[in-house]
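Structural overview
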Amino acid sequence: MMRLSQILFSQGFGTRRLCSGLIIHGEVKVDGEVVEDPDAEYEPEGLNFEVSGKTWPYYAKALIMLNKPSGYECSQKPKHHPSVMSLLPPPLRERNVQPVGRLDEDTTGLLLLTDDGALIHKLTSPKHHVHKVYEARCKHEVTDEQLARLLAGVELREPDPKPHHQAQFVQAVAAERFDATGLRLTLDEGKYHQVKRMAAAVGNRVESLHRSQFGALQLPADLPAGGWCWVASPSCVSP
Ligand code: URA
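Here goes a summary of the coordinates provided. Not measured: the values here are computed from a predicted model.

Conventions used here
- Residues numbered from 1 in each chain as written.
- Predicted model: local features only at pLDDT ≥ 70, side-chain atom pairs only at ≥ 80, totals over all residues.
- Heavy atoms only, no water.
- Pairing = 2+ DSSP bridges.
- Helix = DSSP H or I, 4+ residues; strand = E, 2+ residues; numbered from the N terminus.
- Core = buried A, V, L, I, M, F, W, Y, C linked by side-chain atoms within 4.5 Å.
- Buried < 20%, exposed > 50% of the residue type's maximum accessible area, 1.4 Å probe, protein only.
- Contact = heavy atoms within 4.5 Å.
- Phe/Tyr/Trp six-rings, centres within 6.5 Å; stacked < 30°, edge-to-face > 60°.
- Lys NZ or Arg CZ within 6 Å of the ring centre and 35° of its normal.
- Salt bridge = Lys/Arg side-chain N within 4 Å of Asp/Glu carboxyl O.
- Near = heavy atom within 4 Å.
- Polar contact = N/O pair within 3.5 Å; in protein donor to acceptor, adjacent residues only side chain to side chain.
- Areas by Shrake-Rupley, 256 points an atom, 1.4 Å probe, with all protein chains shown as cover.
- 1 Å grid on protein atoms, 1.4 Å probe; cavity = no way out; pocket = protein on both sides within 12 Å on 5 of 7 lines; lining within 4 Å.
- Points joined across faces, edges and corners; volume = space filled by probe spheres on them.
- Nonpolar A, V, L, I, M, F, W, Y, C, P; charged D, E, K, R; others polar.

**A word on the pairing of strand E6 (residues 54-57)**
- Relative to E6, strand E5 (residues 48-51) is paired through 4 bridges, and the arrangement is antiparallel. Among the inter-strand pairings, Glu50 is bridged to a residue of E6, identified as Thr55.
- Counted along the chain from E5 to the antiparallel partner E6, the turn is 2 residues long, and its residue Ser52 has a positive phi close to 50°.

**Concerning the nonpolar core**
- By size, the foremost hydrophobic cluster in this structure holds 32 residues, and its most contacted members are Leu88, Leu113, Leu150, Leu183, Leu185, Val195 and Met198.
- Going through the elements one at a time, strand E7 (63-68), strand E9 (107-114), strand E10 (132-138), helix H5 (144-152), strand E11 (154-156), strand E14 (182-187), helix H6 (194-201) and strand E15 (206-214) are the ones with two or more residues in this core.
- Setting aside its immediate chain neighbours within four residues, Leu150 contacts Gln171, Ala172, Ala175, Leu183, Leu185, Met198 and Val202.
- Within the second largest apolar cluster, 17 residues are counted, among which are Ile7, Leu8, Ile23 and Val35.

**What about the packing of aromatic side chains?**
- For the structure on display, the rule yields 5 aromatic pairs.
- Residues Phe13 and Trp56 carry aromatic rings whose centres are separated by 5.3 Å and whose planes lie at 90° to one another, so their mutual orientation is edge-to-face. You can see Phe13 sitting in the loop between helix H1 (4-10) and helix H2 (16-24) and its partner Trp56 sitting in strand E6, a full 43 residues away along the chain. For the pair shown, Phe13 and Trp56 are each scored as buried.
- Between the aromatic rings of Tyr59 and Trp230, the centroid separation amounts to 4.8 Å while the plane-to-plane angle is 35°, which identifies the pairing as tilted. One end of the pair, Tyr59, is in the loop between E6 and E7; the other, Trp230, is in strand E17 (residues 228-230), with 171 residues separating them in the sequence.
- One aromatic cluster is present, formed by Phe13, Phe49, Trp56, Tyr59, Trp228 and Trp230 through successive ring pairs.
- We note Arg16 situated over the ring of Phe9; from NZ or CZ to the ring centre the distance is 4.1 Å.
- A cation sits over an aromatic face here: Lys54 above Trp56, 4.7 Å from the ring centre.

**What about the pattern of salt bridges?**
- Enumeration according to the criterion identifies 10 salt bridges in this entry.
- Lys196 is paired through a salt bridge with Asp106; the nearest N and O atoms lie 2.8 Å apart. A residue pair is termed long-range when its members are at least 10 positions apart, and Lys196 in helix H6 and Asp106 in the loop between strand E8 (98-99) and E9 qualify at 90 residues.
- Note on Lys196: relative accessible area 21%, which makes it partly exposed.

**A few points about the environment of Leu113**
- If you trace the backbone, Leu113 turns up in strand E9.
- Note: C-alpha distance between Leu113 and Glu176 (63 residues apart in sequence) is 28 Å.
- Apart from the residues lying within four places of it in its own chain, the contact partners of Leu113 are Ala62, Leu63, Ile64, Leu66, Val84, Met85, Leu88, Val97, Gln98, Pro99 and Val100.

**A look at the site of the ligand**
- As a structural note, the neighbourhood of the ligand is formed by Leu103, Asp104, Thr107, Tyr134, His193, Gln194, Val195, Lys196 and Leu209.
- The separation between an oxygen atom of the ligand and a polar side-chain atom of Thr107 is 2.8 Å.
- Measuring from a nitrogen atom of the ligand, one finds a backbone N or O atom of Val195 at 3.0 Å.
- Protein contacts shield 96% of the accessible area of the ligand, which totals 240 Å² for the unbound molecule.

**Some points on the environment of Ser83**
- Inspection of the secondary structure assignment puts Ser83 in the loop between E7 and helix H3 (90-94).
- Distance in space between the C-alpha atoms of Ser83 and Arg211 is 18 Å, their sequence separation being 128 residues.
- Look past the residues within four positions of Ser83 in its chain and what remains in contact with it is Tyr72, Glu73, Ser75 and Pro78.
- In terms of polar contacts, Ser83 uses its side chain to reach the backbone amide nitrogen of Met85, at 2.9 Å.

**Considerations on the layout of surface pockets**
- Counted as a void, the largest pocket has a volume near 720 Å³.
- As for the largest pocket, its lining consists of 31 residues, of which Arg102, Leu103, Asp104, Lys191 and His193 are closest to the centre.
- Of all the secondary-structure elements, those providing two or more residues to the lining of the largest pocket are helix H4 (117-124), E10, H6 and E15.
- Counted by class, the lining of the largest pocket contains 12 nonpolar, 8 polar and 11 charged residues.

Structure representation (structure tokens):
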């Protein structure tokens, strides 16, 4: 059991004092009833509560997916564009959720965010081979030969080639053409600009890039660009 003020605090609603204040001022409901006692105790698992008219589910650790629009950076300290964090409501920012890996500023689609550091490590570690599916719009037609080379493996040139740099050998888990210039690539790692560099390595060029899948998770068709939703549990990502 957990005190209501502690529950709000754990979910990112501000300092303990602020959380108690919200409760005392009648802003918090549990099971549809206003609760004005900050010390009222509840079993947090599975609890839904309302703060200022908005319903929140309790999660010991937050895991969400965002449909990232173009023009947002995944970095904590963005340089040229707003951060993806600016698309999230204050309690999630307060909880310090972080992107699971990064998408380029101009890449759209499925971005996971969590405040669970161990989960970030698990989902981004090369050891775990979590599959990611990307749809790229290419400048030139996607040929059978390019698909075969992407599957066989290509060497990535360094963004800034230096003589002592070892070339990186990368292979697509799956590569298919979905229309003349549409390339769908499944990768199980996430090197810097990997899709763009792989397309360049086979003589094509990515003009726009979208991630549609991360592990077992697909971007819901009804999640608009810039929108986010809860992921019920990490097992939805890598069962
Ligand atoms: N590969 C890229 O080139 N960019 C991304 O954002 C993701 C994968």
